[in-house]
Amino acid sequence: MGKGTKIGAITTAAAMAGIIGVSVNAEAKEPESTSTNVTSSSTSTSSLLDSQVNQAQKQVSDAQTNVDSAQTEVNQATTDSNNVSASQKAAKDALDTANADLTATKQEQAAAANLEAQATPKAISDAKNDVSTAQQKVKDDQTAVGNAQTKQQDAQNNVQTAATVMSKADQTVANQQKVVDGSTQAVTDAQKALDGTGSAELSKNKADAQNAVNTDKQTITDDQKKVDDATAVKNQADADLATADQAKKDADKSVSDSNAAVQTAKTAADQAQSAVNATQQQIDALKQAAGVDNSLPTLTKEYGQLVDFIGLANPTGEEKAQIPAKVQQLKAVVAQIWQDYKDYQPTSEDVAQIIPDITNMTTEQQTELSTFVAGLLNPLRADIGHTPLTVSKGSQKLANDVAARYDADDWNVAQSFHDNVGVNDVSIENGLQPYAKQATDGSLVRNDGYQMYESAESADSDLAKGTIASTQGISMATLKDKVYSTVQQMLFDDADSGWGHAVALLGSWYPKDKANYFGISFDTLGQQHLLVVPDNGFDIADSSKFDTQDTYPIPESKPSDAQAKLATLNTLQSQQSDTLNDAKTVLTQKQSALTAAKQAQTTATDALTKAKTAADKATANLSSATDALNTAKSKLTTDQKALDKATADLANLSADAQTKQAALDAANAQLTADKAKLATLTTAAQQAKANSDTAQNALTTAQQNLNTAKKQLTDDSNKVNELQQKVTDLQNAGTQLADANQAVKAAQDDVNTAQVAYDKVKGQATTAADQLKVAQAKLDAAKQSLVTANQNLAKWEKSAILWPQVVQAFKEAPAKVAARNTVQTQVQIQPEENGSASSTSNNSSVLPSQEGSNSLASPSQKATPTQQPNSNGTTQNTEVKPAAVSQTNSHSQGAQSSVKAPQDLLFDKNGQVSGTTVQANKVSKATDVSANSLPQTSEVNEGNLLALIGLSLMTLFSKFILRKKNRI
C-alpha cells in the first residue's frame, strides 16, 4: 500500500470520525479503546438529539400557544362580527321603519295639501250646504221610518185581525158541520121512528143530550169569567198604549227641538270657526308683511290731486286743455317721491313655491298674486282718499278670461296695444258693460276703439310659457318681483302713457267711495293683465255672472301697518276664539241634549212598541175568550136542540105514522137548510183564509219597507257625520297641512338619523368581517405551524429512539470487521497456492455468514469460491459475494468501499429501519466538522439522519480497514 493511499484513508477516517466525535490518529494508530470512543460519541450525539427533541417540543408548545391565542382572537372576532351584524339588522329595521313612516307621512301631507287646496270659502260654504241638505234628508228619513213603522204595525194588526176572523170562520164552519151532523142524525132518527125502531137508542140519546147540555152550561160559566178577566186586561193595555203613544210623541218633539238646537249651535260654531280661520289667514299674511318691507313710496296729496284731474271721466274743454301740463307736473311730483325701481323682498315661502305654468295657476296661486298687488296698491289709494281694492272670485275669472282671449287672438301688446275687441267681448261674457259712447240720440253704443278695465304690461321672455316650461317652472318670488316692477312702472314711470295706468290702478276714473274689484293674469307670451272693475251701479250689468261675494283678505305691504293691524287682529282673534269656544261649549251641550233626547225617544219607542204588543195581545185574548164563550153558547144551543129532539123523538116513537112521516120530512128539510148554511160558511172561511194570506203578505212588504227605511236612515245619518267631518277638515285644513308638514320634517329627520346610524354600523360590520378574516387566516397559519412542529417532533423523537441501536451496532462492528478480514486473508492466500495469482487480478472479498440478529450476511450468503476463465484462457478464483455486504479494492485507483447495514438498523424509503447502503467516498482534503453540532436548521429530515448514521458507520469501519491494511 503506498503512502498516498494511507494518508488519504486516514484523512477520510478523521473526517468521518469528526462528525460523530470519534478521535482518529493522524498516524492511523489503533485507538487505545474503541468502546470508550464509541460511548463518548454516542453520549454526545444522544445529548444533541435530546436537545433537538426538547427544542422541537418547545416549538410544538409555542405553536399550540399561538393556535390557542389565534383561536381566542377568532372567537372574539366572531362574537364582535355577530354583535355588529345584529346591530346592523336592528339599524336596517329602524331605517326601513323610518322610511315607511316617511312615506306614510308624505301621503298624509299630500292629502292635507290637497284638502288645503280645496278649502276655499266657497268649498266650505258648499260643504255646509251639503250638511244641511243631508240633515234634512235624515229628517225625511226619520219621518219615513215613522210612517213605515206605522204601516208595519197596521199590517201586523191586520194580520192578527184576519187571523182572528179566519179562526172564527173555521170555528163557525166546524160548529155548522156539527149542526149538519145533528140534522143528518135527526133524519136517521126520524126514519127509524117511522120504521118503529130505536126506542132504546132514543132513550140513550136523550140521556146523552141532557149530559151535553149540562156540560155546556158549566163551560159557559167558566168562559164568561175568562171574558170578564180579558176585558179588564184589555182596558188596562189600552190605557197603557195611550200613555206610551203620548210619551213617544213628546220624545219625537224633543228630538226635533234638540236637532234644531244642535243645528243652530253648529251654525254658530261654524261661523265662529270661519271667523277664526279668516282672521288666522290675515294674521299669517301680516306676519310675512311685518318681516319685510315691500311697501311703495307714500303718495302725496298733490300726486292724488293731479292723478284725479288726469282721470276726470267727463272733463270740460278747458280741463282737457290743462291735462298735458298736469301730466308733466305729475312727472315732477313723482321725481320727488320716487327715485328708482325697488326690488321685491321675497319670503322663504315665495322662494320655495314653484309654479309650473302661470297661464294655468291654481286658485290659491292666483289669489296670492292678486291680493299681493292689491296689498301694494291699497295703502297708496288710502294716501289719496280712494277706497281699497277687493279681490273677488269674479274679478279673478275676468282676468283669466282676458288672458285666454289674448292667446286666442294671438295678440301682442307691444305691437298692437290693447285687444279692445277681445276685452269688450270678455266683459260682456262676465256680466260687465263694454266701453260705450253716446250716440246722437243719447243712447249708449259699444265702442271698440277703447276698453274700460285692463292695464297691460308687454311681453316678458322670462314669463313666456315656453321659457317657464324649459326651466321646470318659475318661483313665486320671481313672479312677484316681475309684478312688483310693473306696478312701480305704472305708478311712477308712466308719463309716456299719460299716467293712464296710474289712473286705472288708483281708481281715479271711478267714484272714490265705491268698491273696486281687482284681478291679475298672464298669457302665453308673458304679458301681464291687471283688471280693475268699479262697483258704481253701472259697469256690473249682471251680478249673476260677476261674483262679488266670494272675496279674499288683502295683506299689508308696509311693516308698520302690518304690525299695527296684526296687533288688532290678534286681539280680534282672541275674542273670536272665545266666541268659538263658547259656541263649541253650547254645541256640545246641545249635542248632549240631543243624544239624551234620542235615547229617550228610543226608550219611548220601545215602550210604545211593547204597549202596542200588550194591547194587541189583550185584544186577541179577549177575542179568543169571547169566541170560546160564543162557541160554548152555540154548542149549548145545538146540544139543547139535540136534547129537545131526543125528547121529542122518544115521545114521538109511539105517534102515528103520519106524524112520524111529517117529522121525517121536517128533519130532511132542516138537513138541507143546515147543509146550505154550511156551504155558505165554508165559502166565508175560505175568503177569511185568503184575507189572512193577503194581510200576511202586506205585513212582509211593510216589514221590508221598514227595514229599507231604517237602512236609509242609517246611511244618511252616516253621510251627515261624514259631511260634518268634511266641513271640520276643510275649516282646519291649514292647521292639518302645517301639522303634516311638521310630521314630514320630523319623519325625514328620523330617516336621516337612521341612515347615519345604519351607515355607521354597516362600516363597523365591514371592519368586523375584515378582522374576522385576518384572525381566521392567522389561526390557519398557526394550525399549519403546529402540524409542522408536531411532524418535526415526531422525527426527532424517532431519531432519539433509534440512536441506541446504532451505538450498539458500532460497538459490535470491530469484532465483525476482524472476522471479515480473517476470511478475506484466507481467500487471498488460496489463489497464490494454486499459482494463479496475478498482480493485475481483481480480488473480491466476501463477508462470512454469521448467526444472530447482527450478522452482516445471512447463512445462505456464505462465501463460496468458483472458477471462471480469464480473458487469456486461464481461470481465477472468484468469490461469490453475499447480497448483504460487498467490498472492492483497487489500489491503483484509490479506495472505495460499500457497506450494507443490518436490515433492522437502517432506514427504508419511508424513514423506517431497513437495509440502506451508505457510500463513503475518498476525501482529498480533511474537513473540520464539529462533533457536537449538526447543520444549523430547526428541522430534521430523513437525508440528514441517514447521513449522520451512515457517516458515523463509515468512520468506524475505515479505522479498522486502515489498521488491517497497515498490518498487511
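Residues numbered from 1 in each chain as written. Predicted model: local features only at pLDDT ≥ 70, side-chain atom pairs only at ≥ 80, totals over all residues. Heavy atoms only, no water.

*Asks:* Which parts of the structure should I look at to understand the nonpolar core?
*Replies:* With 51 residues, the main nonpolar core has Tyr303, Ile358, Val373, Leu479, Leu491 and Phe522 as its most contacted residues. Taken together, the elements giving at least two residues each to this core come down to helix H5 (301–310), helix H6 (317–337), helix H8 (363–383), strand E2 (389–392), helix H13 (476–492), helix H14 (500–506), strand E7 (516–522) and strand E8 (528–534). The element best represented in this core is H13, accounting for eight residues. If sequence neighbours within four positions are ignored, Phe522 has contacts with Ile358, Thr359, Met361, Leu369, Ala403, Leu463, Leu479, Val483, Gln527, Gln528 and His529. (Core = buried A, V, L, I, M, F, W, Y, C linked by side-chain atoms within 4.5 Å. Buried < 20%, exposed > 50% of the residue type's maximum accessible area, 1.4 Å probe, protein only. Helix = DSSP H or I, 4+ residues; strand = E, 2+ residues; numbered from the N terminus. Contact = heavy atoms within 4.5 Å.)

*Asks:* Just to check I follow, could you spell out unusual backbone geometry for this structure?
*Replies:* Peptide bonds are mostly trans, and most non-glycine residues show a negative phi. At Gln472, a residue that is not glycine, the phi angle is positive and equals roughly 60°. Looking at Gln472, the relative accessible area reads 64%, which means it is exposed. Unlike most non-glycine residues, Trp499 shows phi in positive territory, near 60°. Within the element layout of this structure, Trp499 appears in the loop between H13 and H14.

*Asks:* So what exactly am I meant to see when it comes to the side chain of Asp716 here?
*Replies:* Looking at the secondary structure, you find Asp716 in helix H16 (residues 657–731). With relative accessibility at 11%, the residue Asp716 sits in the buried group. Polar side-chain contacts of Asp716 include one of 2.8 Å to the side chain of Lys137. In this structure Asp716 touches Lys137, Val138 and Asp141, once residues within four positions along its chain are discounted. (Polar contact = N/O pair within 3.5 Å; in protein donor to acceptor, adjacent residues only side chain to side chain.)

*Asks:* Can you walk me through the pairing of E7 in this structure?
*Replies:* The side chains of a regular strand alternate, residue by residue, between the two faces of the sheet. Within E7, seven of the seven residues are buried, leaving the element largely enclosed by the surrounding structure. Burial along E7 is two-sided: the residues Asn516, Phe518, Ile520 and Phe522 and Tyr517, Gly519 and Ser521 are all buried. Both E2 and E7 contribute to a ladder of two bridges, which runs parallel. Each bridged residue has a counterpart across the sheet, and for Thr390 the counterpart in E7 is Tyr517. Pairing between E7 and E8: seven bridges, direction antiparallel. When the bridges of E8 are listed, Phe522 appears paired with Gln528. Here E7 hands over to E8 after five residues, with Gly526 in that stretch at a positive phi of 90°. (Pairing = 2+ DSSP bridges.)

*Asks:* Looking at this model, I keep getting lost on H8. Mind explaining?
*Replies:* In an α-helix, one turn spans 3.6 residues; hence positions three or four apart end up facing the same way. Taking 1.5 Å per residue as the helical rise, H8 with its 21 residues ought to reach 30 Å, and the 30 Å between its terminal C-alpha atoms agrees with that figure. Approximately 25° is the largest bend angle found in H8, and it occurs at Leu377, with the proline Pro379 only one to four residues beyond. The buried fraction of H8 is high, at 16 of 21 residues. One or two residues past the end of H8 sits Gly385, with phi positive at roughly 80°. (Expected span 1.5 Å × (residues − 1). Bend = angle between axes of the 7 residues up to and from the residue.)

Geometry only, nothing functional implied.
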